[in-house]
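One letter stands for each residue in the lines below.
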Amino acid sequence: MELVSPAGNVEKLGYAYAYGADAAYIGLKRFSLRVKADNFYDDEYKTVNNLKKQYPGKKLFCALNISFHNADIDNFLAEIDYFKSYPFDAFIVQDIGMVRTIQKHFPNAALHLSTQANCINREAVKMYRDLGFRRIVLGREASLAEIAEIKDAVPDMELEVFVHGAMCIAYSGRCLMSAYMNGRSANAGFCSHSCRWDYSLVQSGSLALEEKKRPGEYFPIFEGENFTAVLSSKDLCMIDKLDDLKKAGADSLKIEGRMKSLYYTAIVTRAYRKAIDSLEGRISAAQAAPFIEDLYKTSHRAFGTGFYYGKENANETVSGETTSEYDMAGTVVKKLNDAESRTVFCAANKGAAEAEHSLDGMHPAAREAHEKDLQLHPEKIPHFIKADEKRHLYEYKPANQTRSGTELEALSPDCAALKIPPDTYCFVDPETGKILNSVHHNTPALLYTEADLQDGGIIRVRAE
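Residues numbered from 1 in each chain as written. Predicted model: local features only at pLDDT ≥ 70, side-chain atom pairs only at ≥ 80, totals over all residues. Heavy atoms only, no water.

Asker: Go over the nonpolar core with me, naming the residues and quoting the values.
Answerer: Ranked by size, the top nonpolar core spans 83 residues in total, and within it Leu64, Phe91, Leu245 and Tyr272 carry the most contacts. When residues in this core are grouped by element, the largest group, six residues, is from helix H10 (residues 262-279). Residues within four places of Phe91 in sequence aside, it is in contact with Cys62, Leu64, Phe83, Ile102, Phe106, Ala109, Ala110, Leu111 and His112. Counting residues in hydrophobic clusters, the runner-up holds 17 residues, among them Leu408, Ile420, Phe427 and Ile459. (Core = buried A, V, L, I, M, F, W, Y, C linked by side-chain atoms within 4.5 Å. Buried < 20%, exposed > 50% of the residue type's maximum accessible area, 1.4 Å probe, protein only. Helix = DSSP H or I, 4+ residues; strand = E, 2+ residues; numbered from the N terminus. Contact = heavy atoms within 4.5 Å.)

Following this line, the structure appears as structure tokens:
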């Protein structure tokens, strides 16, 4: 089975490929249902083309899944040459009005039907096949039994199903709640996840909900035979049920989350990669286990199996914030070569000598006062790295503030977690070789450590 992962920006796309996705789906500005994702624009197509060359055989899908107004079609046609700069293997669409346009301008790209089209029966699949669609991303309301019936009826159609991520309480994501409450339409890519806000249950004749920040404004609760309106659904997780999906006829497994973090993209993709490899006999269950276990440490709400085994699980609602055991600290860009390392060590030696020389040049009284100040504030004492054959220098890209002395964990596509004790590493200024007490987002830094790290590795710390 194919694994399809989300990529909200260029960096996430690279990590999706590196951590095991067979394909990734991206959105372009103004034409995607995840406008709050960074999406892709300007000359990023150059980086995308390079990634496709770096990972031969990996596929790229374009989520072109908004409902198009006439102006949207005109804008799309005006930017058609820009779209052609991307190496798209397929377009994911819900609006059949775009079918002929895509077939005309992208004859070599496949058509995938978006889950937003809510295709959940064999006759609809036959119709979309006749229109030229090669794959159906089934509506999330389809059960395993229905998937099997569709595959039996239309065996030549590829079926893609969601296996992980947030589930919309509305039917196939067709929700007007966000648009009603704050003018941000989910069907145009602006969903504010209003269903996940903080509500109180009130009763004045009939049951209603009152949102915390909208006192006095009530939303009636309607309970039908097959639904309860409003409130937040469980997150979907099918990692322990992949064999059932395979038996039902699913060809491709999709992870939700283009607005999720790089860390989430990498860890969830890696877990499903190992689970699929185990299911298909490439690795053992024991080898896959630590990677699958790590999945449960990512940010998520209570997990469920959606509609696959019936409506009961899908109808259960949850509330509250998502939680995670870990915070992402940063990423390992690359290991410095010998020449680059020597440059840093030379700068460190120079800095140490200058620091010592500055003390020697001080008036005795001034030096005494300075040394007393350093005794009171030892963090002010400049320290510089020294060459150590046990350690290596790595270019490091901090994602969040991390203080020295914090235990780190290193992750990579094939290493579940490698602990890096505080006494085996330090952060370094790449220009001066000075040891840093902490690093911050977008601060240039090096990681000097005994650990053997991989390019593209992820560094994390336990959440406080």
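Having seen the structure, we can now continue with the description.
Asker: Let's hear about the side chain of Ser252: which residues, and what values?
Answerer: Mapped onto the elements, Ser252 comes out in strand S13 (residues 252-255). A distance of 3.3 Å separates a polar atom in the side chain of Ser252 from a polar atom in the side chain of Glu160. (Polar contact = N/O pair within 3.5 Å; in protein donor to acceptor, adjacent residues only side chain to side chain.)

Asker: Help me get a handle on the pattern of salt bridges, residues and values and all.
Answerer: All chains considered together, the criterion is met by 25 salt bridges. Across the salt bridge formed by Arg270 and Asp294, the nearest N and O atoms sit 3.0 Å from each other. Highlighted residues: Arg270 in helix H10 and Asp294 in helix H11 (residues 285-295), separated in sequence by 24 residues. Taking relative accessible area as the criterion, Arg270 reaches 0% and is therefore assigned buried. On the basis of relative accessibility, which here comes to 2%, the residue Asp294 falls in the buried class. For Arg460, the salt bridge goes to Glu409, with nearest N and O atoms at 2.9 Å. (Salt bridge = Lys/Arg side-chain N within 4 Å of Asp/Glu carboxyl O.)

Asker: Could you give an account of unusual backbone geometry, with specific residues and numbers?
Answerer: The phi dihedral of Asn118 is positive, around 55°, even though this residue is not glycine. Relative to the elements of secondary structure, Asn118 occurs in the loop between strand S5 (110-113) and helix H6 (122-131). Taking the relative accessible area as the measure of exposure, Asn118 reaches 17% and is therefore buried. A positive phi is found at Asn442, a non-glycine position, where the angle reads about 70°. By the element assignment, Asn442 lies in the loop between strand S23 (438-439) and strand S24 (445-449).

Asker: Run through the pairing of strand S20 (residues 415-420), naming residues and quoting values.
Answerer: Examined bridge by bridge, strand S19 (residues 408-412) and S20 share four bridges and lie antiparallel to one another. Its bridge partner lying in S20, Leu408 is registered against Ile420. (Pairing = 2+ DSSP bridges.)

Asker: I'd like to hear about the sheet that holds strand S17 (residues 392-398), residue by residue, with values.
Answerer: Strand order in the open sheet formed by eight strands is S20-S19-S25-S16-S17-S24-S21-S22, with antiparallel pairing between adjacent strands. Sheet topology places S20 and strand S22 (435-436) at the edges, where each strand pairs with a single neighbour. Across the face of the sheet, H11 comes into contact with S19, S20 and strand S25 (458-462) while running at roughly 75° to S20. (Axes fitted to C-alpha atoms, helices over the stretch in contact; angles between N-to-C directions.)

Asker: Tell me about the pairing of S19, and please be specific about residues and values.
Answerer: Counted residue by residue, S19 has five buried out of five residues, so it is predominantly covered. Burial along S19 is two-sided: Leu408, Ala410 and Ser412 and Glu409 and Leu411, pointing in opposite directions, are all buried. Hairpin geometry of S19 and S20 is characterised by an intervening segment of two residues between the two adjacent antiparallel strands. Sheet topology note: the S19/S25 ladder contains three bridges and is antiparallel.

Asker: Got a sec to walk through H11? Specific residues and values, please.
Answerer: Within H11, burial applies to Ala288, Phe291, Ile292, Asp294 and Leu295. The buried residues of H11 occupy an angular sector of 150° when projected down its axis, which confines them to one face. Lining the buried residues of H11 we find strand S7 (158-165), strand S12 (235-237), H10, S19, S20 and S25. (Arc of directions from axis to C-beta.)

Asker: Outline the packing of aromatic side chains, listing residues and values.
Answerer: Under the counting rule described, the total for this entry stands at 15 aromatic pairs. With a centroid separation of 4.6 Å and 55° between ring planes, the pair formed by Phe91 and Phe106 is classed as tilted. Placement of the pair is Phe91 in strand S4 (residues 90-93) and Phe106 in the loop between helix H5 (99-105) and S5, with a sequence separation of 15 residues. Residue classification places Phe91 among the buried residues on the basis of a relative accessible area of 0%. Taken together, the ring pairs in this structure connect Tyr45, Tyr82, Tyr86, Phe88, Phe91 and Phe106 into an aromatic cluster. The ring centre of Tyr25 lies 4.4 Å from the NZ or CZ of Lys254, which sits over that ring. Its guanidinium or amino end placed over the ring of Tyr264, Lys260 lies 4.1 Å from that ring's centre, counting from NZ or CZ. (Phe/Tyr/Trp six-rings, centres within 6.5 Å; stacked < 30°, edge-to-face > 60°. Lys NZ or Arg CZ within 6 Å of the ring centre and 35° of its normal.)

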